[in-house]
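Okay, here's what each chain looks like letter by letter:
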Amino acid sequence: MNTQPRASQLDDKTIGELREIAARYPEARSGLLPMLHLVQSVQGRITPEGIEACAAILDLSPAEVNGVATFYTMYKRHGVGDYHVGVCTNTLCAVMGGDAIFARLKEHLDIGNDEVAVQRQGDSRTVSLEHIECNAACDYAPVVMVNWEFMDNQTPESAVQMVEALRAGHDVSSTRGPRLCTWKEAERVLAGFPDGRVDEGPTAGTASLAGLEIARERGWTAPGPSAAPAKEAADD
Ligand code: FES
C-alpha cells in the first residue's frame, strides 16, 4: 500500500491523525468518511490536498475519494460559517413553520441557500445557512440544526435571535443541552476525536417518548416476529 501522501498543505499532526483513523478499521478504506471530517476540521472544507492525502493513505485514487466527498452533503467544497445553520424544510417541518424560518433567515442574513453571511463590524463569528432534509427529529418540528446540534421547536423570531447571539460570540446551547461548538470543532468530533460533551443534555425528550407512553397506558404491544413473514408469504 502507498502510505505516503503527496505534497500536501496538511501538517504532520493531521497526516498522523488521518493514518490513526485509517488504522481503526480492518479495511482501512472504511475510515474514509471520518477522515474527510478531519480534513474539514482543519481546513474548513474538502480541499484538493485533503483528497490527495486521504487517497494516498488509503491507496485509492483521488477520483474515488472525490466521488465519496461529492456524494454526501455534509462534505463541503466551499467554506461555511463558524456556525452552519441548517433549517429542515422537509414536509413536516415545512408545514409546522420550517419554510417560514428559512425565508426569514434568508432575508435577515441577506444570503441564499448554502451561502455565508457577510461578517459585520462587531461580529465575532460567521454564520452560514442551508436548507436540510429530515433529521429524524420530526417530533420537535420545526427543527433547526447548528453544526448538527438540534434546536427544537423553533420560530422565525427564535431563529433570528439565535443567529444574532452566535454572530456576537455569545454562548448558545442546543435545546437538548450541549453547548454549541464551532463548525471545525464539530467536524473533529465527527472524525472520532471526542470533545467530552457527549453526556451534556438528556438522551430522549418527552415528545420522543410520547408514543411509548400512550402504548404503555393502553397496553399495546408490538406484533410478534412471526407476523411480518406470514404477511409476506400471503402477498407472494
Ligand atoms: S421533517 Fe424536519 S426533522 Fe423530520
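In what follows, the structure referred to is the one given above.
All values reported here derive from a predicted model rather than from experimental measurement. (Residues numbered from 1 in each chain as written. Predicted model: local features only at pLDDT ≥ 70, side-chain atom pairs only at ≥ 80, totals over all residues. Heavy atoms only, no water.)

A. Structural context of the packing of aromatic side chains. According to the stated counting rule, one finds two aromatic pairs in the structure shown. When the ring of Y72 is compared with that of Y75, the centres are 6.3 Å apart and the planes differ by 80 degrees; the resulting orientation is edge-to-face. Given the relative accessible area of 38%, Y72 is considered partly exposed. With relative accessibility at 7%, the residue Y75 sits in the buried group. Joined through ring pairs, the aromatic side chains of F71, Y72 and Y75 make up one cluster. Cation over ring: R24 sits above F193, and NZ or CZ is 5.0 Å from the ring centre. Directly above the ring of F150 sits R176, whose terminal nitrogen or CZ lies 4.0 Å from the centroid. (Phe/Tyr/Trp six-rings, centres within 6.5 Å; stacked < 30°, edge-to-face > 60°. Buried < 20%, exposed > 50% of the residue type's maximum accessible area, 1.4 Å probe, protein only. Lys NZ or Arg CZ within 6 Å of the ring centre and 35° of its normal.)

B. Examining the side chain of T182 more closely. Tracing the chain through its elements places T182 in the loop between α6 (156-167) and α7 (183-190). Other than its neighbours up to four places away in sequence, T182 contacts D82, Y83, R125 and N147. (Helix = DSSP H or I, 4+ residues; strand = E, 2+ residues; numbered from the N terminus. Contact = heavy atoms within 4.5 Å.)

C. Representation of the environment of I101 in the model. Within the secondary structure layout, I101 lies in helix α5 (residues 91-109). According to the relative accessible area criterion, I101 is buried, its value standing at 1%. For the pair I101 and S158, spaced 57 residues apart in sequence, the C-alpha separation works out to 9.0 Å. Apart from the residues within four sequence positions on either side, I101 is in contact with V87, P142, V144, Q154, T155, P156 and A159.

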